Structures are given as structure tokens and as C-alpha cells.
Protein chains: 2
Amino acid sequence: MNFLEERIEKEGIIREGNVLKVDSFLNHQMDIELFEQMGVEFKKRFEGKPINKILTIEASGIGIACIAARHFHAPVVFAKKSKSINIEGEMYVAEVESFTHKCKNHVIVSKKFLTPQDHVLIIDDFLANGCALQGLISIVHESGAALEGIGIAIEKGFQPGGRAIRNLGYPLESLAIIEEMDAKNGTITFRKQI
Amino acid sequence: MNFLEERIEKEGIIREGNVLKVDSFLNHQMDIELFEQMGVEFKKRFEGKPINKILTIEASGIGIACIAARHFHAPVVFAKKSKSINIEGEMYVAEVESFTHKCKNHVIVSKKFLTPQDHVLIIDDFLANGCALQGLISIVHESGAALEGIGIAIEKGFQPGGRAIRNLGYPLESLAIIEEMDAKNGTITFRKQI
């Protein structure tokens, strides 16, 4: 097991309905030293790629993306979930369905911050059905930027998001992939990674 | 002028209605090397305080808080703006009015992550009317934690939020305080800081 799998096994709480609570270290309280290890690992997995921009989505992707960005010496752009009066001008828009919140959102990125010159690494905390990720990928394609990689903290391997993205040929790296989890006895099985 | 004031003067865009757009480096695209300088400066301004937790609010406070947290060796907790099915159990709740989005939100923090043993530094990107900050302060008080300081990137000094917080005796440090800004000729005057 790697450092993230160990932490999930130690502190993750499994609930009925395929809910994994990791709010003590990942997406409500955030363990910055763990994020630092994740940043190092993302850098290793995407070594040699000419990444000059990190793209993520609010809110819980931002912390991981910012700490990882230190290792790529790249700025972070986060997709926003609703139109703000402080964002004006031309925007890329994608529709995203949220598994957690059971609703549809538009996510937007200003066209100023993604261009055909950019080489993008997408980073997010969770991959389950993949709706948020599909929205981010479509925004990268619309911008004409090169998508160099996708780095995810925790993938629910038993949900279809990751498989679809891999089948499409995208370079997807998830630091922990959950094959099975059992709310009754609290066990988690991780997919073996090389 | 300090590094942040210089950056605001160089890249900030002033719009009618007291809107300052800093989305190229602060709250849409995020310049992580600038955040690193801000983290160093926050550490200096709160030197010697026994800070063991950073509290911020989604979304644009998270990046600054996470980078700053590296200098305090403390985890970050971010207040969430709506109830998620992934948050259960007891929560601290405050009502917050948003200047930008012109609406009221509830912000919530799980009681697990703020306790009377905590020594909290609040970090956020903007302080204008102070509604978000007031909500975060009330949550810290409700938790019984000690509020050791408040670190803000940009304060609109001509709006009442900062003055009220200082009058109440809170240790508030804003890295850039705008005294005046003029949308017509694009000029910004900063408050002199020692």
C-alpha cells in the first residue's frame, strides 16, 4: 500500500451508498503534509511532460492542485461552479452533474487563462462517475490546449468514470484506486498499481 | 509598495461599483509563487503565535490558506457553503451574505475539526464588508478555539469590514489595503503600512 492508501484505510469511513468519507484529511480538513507527498508523486508520474498549467475545479480540488503546482512551477486555474459578477468576458462552459450534491452545475473557465499554447495537467480529489472530469476535459479541448495528464487522488474503481477515461486513451493517474468497499464490515480493497 | 501591492497595481482591473478584478493571479488563475510570498509574510506577521489550524472558506481562500499552511505546519479546514450529503453529524453554522454573488449562504464547519484545544489563524483572499469573515469568527467562538489571528490578502479599506474587526480588537493583518480606487482613470491608492 502507498501512503494515501494507508491513510484511507486508517481514517476513511465507509457509508452505505458507496460514500467514502475522507473529510478528516482530504476534503474538509486538509492535511498539507499529505498533499505535499501527493504533489511529489504527481510530479513523478508526469515527469518529462511540458506542463505549464494546472486545471482543477472548486472547491476540494483546489488545495491539492495548489500544493502540487509547486512541483511543476505552474499556476493553477480553478473552474468555477456558477457565474460570478466578477467574471466577465468570454468563458468556456461545461455542464457537470454532481454525484454528491445530486444536481447539475455549469462550470466555467475564463478564456484568458486557457489557450492553445497551454500544456495542462488536470488535478482533482475524487473520480467516481467522472462527470466533473469530463467537463474539465471538454473545456481543455475547447481551448485548444494540450492535455498532458490527469491526476486524481482517490478513484472509485467500481464506478465507471475511470474506465471510460482510460478507454479513451487519456493519461489518467489515480494515487489510490478503490476496487471494493464494504460499509458493513468497513473493509476497503485497493487495485494493485505497479 | 510591497510585492502584493505591486502586483495589484500591475494586473488588477478596476470596474465601476467598487469591483477589483484580480482573477489573473488571485482568485481564478492562482500564482502559486505569489502565494508562497504571501505565506512567508503571514508567518512573519503572526510569528510566535501557537497556531495549529488554518481556517478558510471555499473557494478562493483555499489556495492561499494551503500554501500558507506549509509555513505553520498546520492543517487547513475550509468552511463549506452548502450542506453536502458527505457531511454528517454535528456542525457549526453561520449565515454569510456575499457581496459578489448578492445572496445569503450558510457556511458550515464540522465540529470534529474545530475544538477548544485549537489555536486558529483565519485566512481569506478578500475583506470588504466583512460578512464572510464575521461568519468564520463566529464559528471559531462557537467552537471554543482561540482565535490567534486573521490574515487577508486584499482589504478594501474604504468598505466597513476591516475597521469593525479592528475596533473589536481582533488581530487583523491585510497584506494590501486599498484606500481608494478610481475606475475612470484606473488608479489605486494603498494605505501605508509599517
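As the structure is a prediction and not an experimental result, all values here were calculated from the model.

About the cut-offs
Residues numbered from 1 in each chain as written. Chains lettered and ligands numbered in written order. Predicted model: local features only at pLDDT ≥ 70, side-chain atom pairs only at ≥ 80, totals over all residues. Heavy atoms only, no water. Helix = DSSP H or I, 4+ residues; strand = E, 2+ residues; numbered from the N terminus. Rg over C-alpha atoms; globule rule 2.2 N^0.38 Å. Buried < 20%, exposed > 50% of the residue type's maximum accessible area, 1.4 Å probe, protein only. Contact = heavy atoms within 4.5 Å. Areas by Shrake-Rupley, 256 points an atom, 1.4 Å probe, with all protein chains shown as cover. Lys, Arg positive; Asp, Glu negative; His and termini not counted. Charge placed at Lys NZ, Arg CZ, Asp CG, Glu CD. Disulfide = S-S within 2.5 Å. Polar contact = N/O pair within 3.5 Å; in protein donor to acceptor, adjacent residues only side chain to side chain. Axes fitted to C-alpha atoms, helices over the stretch in contact; angles between N-to-C directions. Parallel < 35°, antiparallel > 145°, perpendicular 65-115°, else oblique. Left-handed = near helix turned anticlockwise from the far one by under 90°. Nonpolar A, V, L, I, M, F, W, Y, C, P; charged D, E, K, R; others polar. 1 Å grid on protein atoms, 1.4 Å probe; cavity = no way out; pocket = protein on both sides within 12 Å on 5 of 7 lines; lining within 4 Å. Points joined across faces, edges and corners; volume = space filled by probe spheres on them. Pairing = 2+ DSSP bridges. pLDDT = per-residue confidence, 0-100. Expected span 1.5 Å × (residues − 1). Salt bridge = Lys/Arg side-chain N within 4 Å of Asp/Glu carboxyl O.

A few points about the overall build of chain A
When helices and strands are counted, chain A shows five helices and eleven strands. In summary, chain A has a C-alpha radius of gyration of 16 Å against a globular reference of 16 Å for 194 residues, a match within 12%. In terms of principal-axis extent, the alpha carbons of chain A reach across some 50 × 35 × 35 Å. Evaluated residue by residue, chain A yields a buried proportion of 56% over its 194 residues. Here the analysis covers contacts within chain A between residues at least 6 apart in sequence; of these, 61% occur between residues at least 24 apart. Of the roughly 8,200 Å² of accessible surface on chain A, a fraction of 49% belongs to carbon and sulfur atoms. Of the side-chain charges in chain A, 23 are positive and 26 negative, and the distance between the mean point of each set is 2 Å.

As for the state of the cysteines
When the sulfur atoms of two cysteines share a covalent bond, that bond is a disulfide. Inspection of the entire model under this criterion finds zero disulfides over all chains. No disulfide involves B:Cys66; its nearest neighbouring cysteine sulfur is the one of A:Cys66, lying 6.7 Å away. Relative accessible area serves as the criterion here: at 0%, B:Cys66 is assigned to the buried category.

Brief notes about the side chain of A:Ser60
Residue position: A:Ser60 is located in the loop between β4 (53-57) and α3 (61-72). Looking at A:Ser60, its side chain comes within polar contact range of the side chain of A:Asp125, at 2.7 Å.

Comments concerning the packing of helix α2 (residues 32-45) of chain A against α3(A)
All names here are of chain A. It is at 8 Å that the axes of α2 and α3 come closest, and there the two elements cross at 50 degrees. Here α2 lies oblique to α3, going by the angle between them. Crossing hand, α2 versus α3: right-handed. In contact with Ile-32, Phe-35, Glu-36, Met-38, Gly-39, Val-40, Phe-42 and Lys-43 of α2, α3 contributes Gly-63, Ile-64, Ile-67, Ala-68, Arg-70, His-71 and Phe-72. Here the residues of the contact of α2 with α3 sort into nine nonpolar, three polar and three charged.

Overview of the layout of surface pockets
All names here are of chain B. Taken as a whole, the second largest pocket spans an internal volume of roughly 210 Å³. If you trace the second largest pocket, you find it lined by Met-1, Asn-2, Glu-5, Glu-9, Arg-45, Ile-188, Phe-190, Arg-191, Lys-192 and Gln-193. For the lining of the second largest pocket, the secondary-structure elements that each account for two or more residues are α1 (3-11) and β11 (187-190). Each residue belonging to the lining of the second largest pocket can be placed in one class, and the counts come to three nonpolar, two polar and five charged.

Side note on the side chain of B:Ser24
Of note, B:Ser24 is situated in the loop between β2 (19-21) and β3 (29-30). Side-chain polar atoms of B:Ser24 contact the side chain of B:Glu11, separated by 2.4 Å. Setting aside residues up to four positions removed in sequence, B:Ser24 forms contacts with A:Phe113, B:Glu11 and B:Gln29.

Brief notes about the environment of B:Thr115
Residues and elements named next belong to chain B. Note that Thr-115 resides in the loop between β7 (103-110) and β8 (119-127). Classification of Thr-115 by relative accessible area gives partly exposed; the value is 24%. Separated by 48 residues in sequence, Thr-115 and Ile-67 have C-alpha atoms that sit 23 Å apart.

Focus: the sheet that holds strand β9 (residues 146-156) of chain A
Working definition: the strands of a sheet are paired by backbone hydrogen bonds and lie parallel or antiparallel to each other. Strand order across the open sheet formed by seven strands is β11(A)-β10(A)-β9(A)-β8(A)-β4(A)-β5(A)-β3(B), with mixed pairing between neighbours. The open sheet is flanked by β11 (187-190) of chain A together with β3 of chain B, the only strands paired with a single partner. The pairing of strand β8 (residues 119-127) of chain A with β9(A) spans eight bridges and is classified as parallel. Bridging from a neighbouring strand, A:Leu121 pairs with A:Gly149 of β9(A). Docked against the sheet, helix α4 (residues 131-143) of chain A engages β4, β5 (76-79), β8 and β9 of chain A, running at close to 170 degrees with respect to β8(A).

Comments concerning the confidence of the model for chain A
Averaged over every residue, the pLDDT of chain A is 93; the share at 70 or more is 93%. Here the prediction assigns the complex a pTM of 0.94, and the interface score ipTM is 0.93.

Structural notes on helix α2 (residues 32-45) of chain B
All names here are of chain B. Helix length check: α2, at 14 residues, gives a terminal C-alpha distance of 20 Å against a target of 20 Å (1.5 Å per residue), a fit within 8%. Listed in full, the buried residues belonging to α2 are Ile-32, Leu-34, Phe-35, Met-38, Gly-39, Glu-41 and Phe-42. Between the side-chain oxygen at the start of α2 and the backbone nitrogen of Glu-33 there is a gap of 3.0 Å, and the oxygen is on Asp-31.

Notes on the pattern of salt bridges
In this structure the tally under the stated criterion is 26 salt bridges over all chains. With a closest N to O distance of 2.8 Å, A:Asp31 and A:Arg7 form a salt bridge. Of this pair, A:Asp31 sits in the loop between β3 (29-30) and α2 while A:Arg7 sits in helix α1 (residues 3-11), and the two are 24 residues apart along the sequence. Judged by its relative accessible area of 18%, A:Arg7 is buried. Close ionic contact of A:Arg70 with B:Glu36 constitutes a salt bridge, the shortest N to O distance being 3.9 Å. Of this pair, A:Arg70 sits in helix α3 while B:Glu36 sits in helix α2, which puts the two residues in different chains. By relative accessible area, B:Glu36 is classed as partly exposed at 22%.

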